[in-house]
Amino acid sequence: MKILVSGGAGFIGSHLVESLVEVGHEVTVVDNFLTGRPENIAHLVRADRCRLIEQDVTRLVKLPDGPPDVVFHLASPASPEDYTRYPIETMLVNSVGTYNLLELARAAGARFVLASTSEVYGDPEVHPQPETYWGHVNPVGPRAAYDEGKRFAEALTVTYHRKYGLDVRIARIFNTYGPRNRVDDGRVVPNFIRQALRNEPLTVYGDGSQTRSFCYVSDLVGGLLKVGFGDGLAGEVFNLGNDDERPVVEVARLVKTLTGTPAPIVFLPPRPEEISRRRPDLTKTRRILGWSPTVGLEEGLRRTIAWYQQEITAGRLAT
Ligand code: NAD
Ligand code: UDP
């Protein structure tokens, strides 16, 4: 099939593209490298296994190879530091960018898969979070550009399904980590690993009792493929993530143990409007997609640490 992946030069996007070309799909990536890196898919482009178009999806996207069968829309800054640095870009890619790609999908009669986020649940009052939960979001808070951007993207996506009958699917992705997660994007796993490998203090914001549920990237991509290629899923929303919930301080301790760093854990002031807890309710995802994460946190962190070490040794990462 012909597949368009927006944001395919990013962390999750590049793994998705790799999996798609692996099974023989014809993949075109559209990315403006705002938070991604051409190096993430350079091996595929060089080998002529995917086409890369450097473009902002808030401008109209024209595909030289004709209309796609499926559009995966992943373009958007995703880490809190990135979307705080690029708040307008974040709102525009999730609104105008989503609109452009939905129009492209409509003209092509293509399926449309939106990479949404657990952030649509905000600081949740329901725990764990099922897809039926509407969320608890501050529309003028520090995370608003991302949260409300994604909520708009979801609303627009489902509107195209209702109004035009477009085959759309929404994946609400929970915290994901692994190789190619930019070392400087400010998210907790790359931060702790970078700090540990430099023997610098591991910075926990607040008292570290806030929780997240971390999914290894290969698992996540497996779930995205199920969402994208399953039959009879038009208009459906799925949580994708790992439901093994951990306090952030426990992740710091794990990274310390796995790297063997003597560096201490230090406690810094909490982020404003910190999300206190987050865990996907995977009941619907397991029942309908038959998908479950398989890589445990310890194993995933081991693989991720090994990747960062390998990149440093090869001189590809300045820590
Ligand atoms: P990332 O920043 O590594 O990737 C995003 C990609 O989109 C980058 O390559 C970036 O250059 C590109 N991009 C941004 N704006 C663009 C624009 N206007 N035009 C074209 N390309 C643009 O982030 P990621 O972690 O890989 O996230 C991918 C998607 O998954 C995002 O939509 C994100 O919201 C969603 N998601 C990720 C996580 C996670 O834990 N990683 C969690 C929830 C949701
Ligand atoms: N965090 C932390 N130290 C860091 C980076 C993040 O304690 O160096 C915490 C952050 O406050 C949050 C959690 O780790 O509670 C996850 O943060 P991240 O930015 O990875 O993603 P979020 O889930 O907040 O979008």
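Structure: see above.
Since the structure is predicted, the reported quantities are computational estimates derived from the model, not experimental observations.

Turning to the pairing of strand β3 (residues 50-54), a few remarks are in order. With five bridges joining them, strand β2 (residues 26-31) and β3 adopt parallel strand pairing. The residue bridging aspartate 31 from the neighbouring strand is glutamate 54, located in β3. Regarding topology, helix α2 (residues 39-46) serves as the crossover connection from β2 to the parallel β3, and that connection is right-handed.

It is worth spelling out the site of ligand 1 at this point. With respect to spatial proximity, 28 residues lie near ligand 1, and among them Asp31, Thr35, Tyr146, Lys150 and Arg187 are the closest. In the model, an oxygen atom of ligand 1 is placed 3.0 Å from a nitrogen or oxygen of the glycine 36 main chain. Considering ligand 1 on its own, with 820 Å² of exposed area, one finds that the protein chains cover 97% of that surface. Of all the elements in the fold, those that place two or more residues in the shell around ligand 1 are α1 (11-22), β5 (111-117) and α5 (144-164). Among the elements that make up the shell around ligand 1, the one with the highest residue count is β5 (three residues).

Before going further, it helps to spend a moment on the packing of helix α6 (residues 188-197) against helix α8 (residues 248-259). Across the interface, α6 lies against α8 with an axial gap of 10 Å and an inter-helix angle of 35°. Where α6 crosses over α8, the handedness of that crossing is right-handed. Here α6 contributes Val188, Phe192, Ile193, Ala196 and Leu197 to the contact with α8, which in turn contributes Val248, Val251, Ala252, Val255 and Thr259. Here the contact of α6 with α8 is composed, by residue class, of nine nonpolar, one polar and no charged.

Not every one of the 18 residues close to ligand 2 is listed here, only the nearest: Asn191, Thr203, Arg212, Arg271 and Glu274. One of the backbone nitrogen or oxygen atoms of valine 188 is found 2.8 Å away from an oxygen atom of ligand 2. A distance of 2.6 Å is found between a nitrogen atom of ligand 2 and a backbone nitrogen or oxygen belonging to threonine 203. Coverage of ligand 2 by the protein amounts to 97% of the 510 Å² it exposes when considered alone. Only α6 and β8 (202-205) provide two or more residues apiece to the shell around ligand 2. The residue makeup of the shell around ligand 2, split by class, is six nonpolar, five polar and seven charged.

Reading across the sheet, the seven strands line up as β3-β2-β1-β4-β5-β6-β11 and stay open at both edges, with parallel pairing between neighbours. Where the open sheet ends on each side, the last strands, each with one partner, are β3 and β11 (236-240). Neighbouring strand axes in the sheet, compared pairwise and without regard to direction, differ in orientation by 20° on average. When strand β1 (residues 2-6) meets strand β4 (residues 70-73), the two strands line up parallel, connected through four bridges. Within β4, the position partnered with isoleucine 3 by the bridge is valine 70. Against the sheet, helix α7 (residues 217-229) touches β1, β4, β5, β6 (168-173) and β11, its axis set at about 160° to β6.

Calculation criteria
- Residues numbered from 1 in each chain as written.
- Chains lettered and ligands numbered in written order.
- Predicted model: local features only at pLDDT ≥ 70, side-chain atom pairs only at ≥ 80, totals over all residues.
- Heavy atoms only, no water.
- Pairing = 2+ DSSP bridges.
- Helix = DSSP H or I, 4+ residues; strand = E, 2+ residues; numbered from the N terminus.
- Right-handed = clockwise from strand over helix to strand, strands pointing away.
- Near = heavy atom within 4 Å.
- Polar contact = N/O pair within 3.5 Å; in protein donor to acceptor, adjacent residues only side chain to side chain.
- Areas by Shrake-Rupley, 256 points an atom, 1.4 Å probe, with all protein chains shown as cover.
- Axes fitted to C-alpha atoms, helices over the stretch in contact; angles between N-to-C directions.
- Left-handed = near helix turned anticlockwise from the far one by under 90°.
- Contact = heavy atoms within 4.5 Å.
- Nonpolar A, V, L, I, M, F, W, Y, C, P; charged D, E, K, R; others polar.

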